[in-house]
Amino acid sequence: MFIDTHAHIHQHPTDEIADIVERAANAHVGAIFTAGTTIDDSQLAIDLATGFPSIFAGVGVHPTDLTRSLTADDIARLNALAGSPQVVVMSEIGIDHQDRSPDMIWQAESFHAQISIARQHGLPIVFHIREQADDYDARSARDVSLSILKETNAGELGGTAHYFQGRWDFAKELLDLGFNISFAKTLARITDLEETAAKTPDDRILLETDAYPQMFKKNRAKWTEPRDIPLVAEKLAIVRGTSSSAIKDLTTKNTLAMLGEHATTVLTAL
Ligand SMILES: [Zn+2]
């Protein structure tokens with residue numbers, strides 16, 4: 001079975017979840033990691049994972065959801081959530097330098113603090129790094145995130161650059177630190193990504209959808225869901241000159257390897 005290593009399906013109306021899980025299972029997606037974006041949202045991710053054997057949770061505060069640097073109380077709450085049995089990754093955390101992104105100091109401090117929580121619970125980190133499109137200079141999100149990942153020796157925890165859209169030179173730096181690269185449906189439309197998709201080693205590729213309620217798409221049937229994972233696998237297979245079934249075997253194996261001691265939790269679903 002495939003694993004969707006990053007989605008936000010707990011943000012869908014509760015009455016839609018059983019159908020989303022069934023559509024995923026019909027597409028051979030046997031496990032879905034649903035990532036919290038705030039402390040309260042992380043609790044919702046855990047609550048959903050508690051009710052569905054194929055759903056597992058990530059906890060974390062997304063960089064664009066910060067309204068201040070995380071306080072001692074926030075960190076204590078996240079730490080408690082990270083210890084829940086349904087939690088298999090520290091996610092979604094990271095650095096985001098788009099227009100109107102929150103204060104860079106809050107982001108850096110919070111990324112540090114959440115890597116430290118992950119370390120206390122033996123959780124891999126699934127992180128987001130996004131540049132402001134026309135500002136690739138000064139202290140870019142890439143430089144800031146790489147320096148934090150190095151300072152904290154986060155490579156020891158393992159994890160993945162989620163929804164990766166960067167060039168090969170950036171992917172190479174993350175791979176050298178010990179992280180995986182996770183591909184999503186964007187691979188089908190961003191041709192610049194193909195070099196990274198072709199060169200990332202077999203044992204370092206993961207799949208995800210980043211599925212969340214896409215209210216801006218009027219046609220509900222067009223919303224991205226975990227059932228779309230095979231589309232990403234097919235595109236990767238073409239770029240890498242292999243089969244979708246080989247991509248399935250590799251990425252599931254890589255995901256379980258990334259989870260370390262938490263892999264047994266997910267194996268029950270596959
Ligand atoms: Zn996400």
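For the structure itself, consult the block above.
Summary of the structure given here. Since the structure is predicted, the reported quantities are computational estimates derived from the model, not experimental observations. (Residues numbered from 1 in each chain as written. Predicted model: local features only at pLDDT ≥ 70, side-chain atom pairs only at ≥ 80, totals over all residues.)

## Points about helix α9 (residues 244-259)
Okay, so step 1: End to end, α9 covers 23 Å across 16 residues, agreeing with the expected 22 Å (1.5 Å per residue, within 8%).
Okay, so step 2: Where α9 terminates, the next one or two residues include G260, which has phi positive at roughly 55 degrees. (Helix = DSSP H or I, 4+ residues; strand = E, 2+ residues; numbered from the N terminus. Expected span 1.5 Å × (residues − 1).)

## Section: the pairing of strand β3 (residues 55-59)
Okay, so step 1: Taking burial as the measure, the five residues of β3 include five buried ones, the bulk of the element.
Okay, so step 2: On β3, burial covers both faces: I55, A57 and V59 on one face and F56 and G58 on the other are all buried.
Okay, so step 3: Across four bridges, strand β2 (residues 29-35) lies against β3 in parallel orientation. Residue pairing in the sheet places I32 in a bridge with I55 of β3.
Okay, so step 4: In terms of strand pairing, β3 meets strand β4 (residues 87-96) through three bridges, oriented parallel. Pairing of G58 across the sheet is with V89, part of β4. (Buried ≥ 20, exposed ≤ 12 C-beta atoms within 10 Å, placed from the backbone. Pairing = 2+ DSSP bridges.)

## Topic: the packing of helix α3 (residues 72-82) against helix α4 (residues 104-121)
Okay, so step 1: Running from amino to carboxyl end, α3 crosses α4 at an angle of 35 degrees, the nearest separation of the two axes being 10 Å. Judged by the twist between their axes, the crossing of α3 over α4 is right-handed. Residues I75, L78, N79 and A82 of α3 touch α4, and the partners they reach there are A113, Q114, I117, Q120 and H121.
Okay, so step 2: Among the residues making up the contact of α3 with α4, the classes are represented as five nonpolar, four polar and no charged. (Axes fitted to C-alpha atoms, helices over the stretch in contact; angles between N-to-C directions. Left-handed = near helix turned anticlockwise from the far one by under 90°. Contact = placed C-beta atoms within 7 Å. Nonpolar A, V, L, I, M, F, W, Y, C, P; charged D, E, K, R; others polar.)

## Overview of the packing of helix α8 (residues 229-240) against α9
Okay, so step 1: Two numbers describe how α8 lies on α9: the axes approach to 8 Å, and their chain directions differ by 110 degrees. Viewed along their axes, α8 and α9 adopt a mutual orientation that is roughly perpendicular. The residues of α9 that touch α8, namely those facing P230, A233, E234, L236 and A237, are S244, I247 and K248. (Parallel < 35°, antiparallel > 145°, perpendicular 65-115°, else oblique.)

## With respect to the pairing of strand β5 (residues 125-130)
One face of the sheet, then the other: side chains in a regular strand alternate in exactly this way.
Okay, so step 1: Across the six residues of β5, five count as buried, placing the element largely inside the fold.
Okay, so step 2: Here β4 pairs with β5 via five bridges, running parallel. Bridge pairing in β5 places I93 opposite F127.
Okay, so step 3: Between the parallel pair β4 and β5, the chain is carried across by α4, and the sense of this crossover is right-handed. (Right-handed = clockwise from strand over helix to strand, strands pointing away.)

## Some remarks on the nonpolar core
Okay, so step 1: Core analysis: the biggest nonpolar cluster contains 70 residues, and M90, I125 and F183 have the highest contact counts within it.
Okay, so step 2: Of the residues forming this core, the biggest block, six residues, is contributed by β4.
Okay, so step 3: When sequence neighbours within four positions are dropped, the list of residues in contact with M90 reads G58, V59, G60, A82, Q114, I117, A118, L123, I125 and V126. (Core = buried A, V, L, I, M, F, W, Y, C linked by C-beta atoms within 7 Å.)

## Quick word on the sheet that holds β2
Okay, so step 1: The sheet built from eight strands is open, its strands ordered β1-β2-β3-β4-β5-β6-β7-β8 with parallel pairing. Here the strands that pair on one side only, and so sit at the sheet edges, are β1 (2-7) and β8 (205-207). Taken pair by pair, the neighbouring strands of this sheet meet at an average axis angle of 30 degrees, ignoring direction.
Okay, so step 2: Most of the contacts of helix α2 (residues 39-51) go to β3, to which it runs at about 165 degrees, and overall it touches β2, β3 and β4.

## Quick look at unusual backbone geometry
Backbone geometry follows two general trends: most residues other than glycine have a negative phi, and most peptide bonds adopt the trans configuration.
Okay, so step 1: Cis geometry is found at the peptide bond from S91 to E92, where omega equals 20 degrees.
Okay, so step 2: Mapping E92 onto the fold places it in strand β4.
Okay, so step 3: Even without glycine at this site, H28 takes up a positive phi of about 65 degrees.
Okay, so step 4: Mapped onto the fold, H28 is located in the loop between α1 (17-26) and β2.
Okay, so step 5: A positive phi angle is found at Y163, which is not glycine, with a value near 50 degrees.

## Comments concerning α4
Count 3.6 residues to each turn of an α-helix, and residues three or four apart come out pointing the same way.
Okay, so step 1: In a regular helix each residue adds 1.5 Å, so 18 residues correspond to 26 Å; α4 covers 26 Å between its end C-alpha atoms and thus fits that length.
Okay, so step 2: Those residues of α4 not exposed but buried are Q107, S110, F111, A113, Q114, I115, I117 and A118.
Okay, so step 3: Its buried side turned inward, α4 meets α3, β4, β5 and α5 (141-151).
Okay, so step 4: The positive-phi residue at the C-terminal boundary of α4 is G122, with phi of around 60 degrees.

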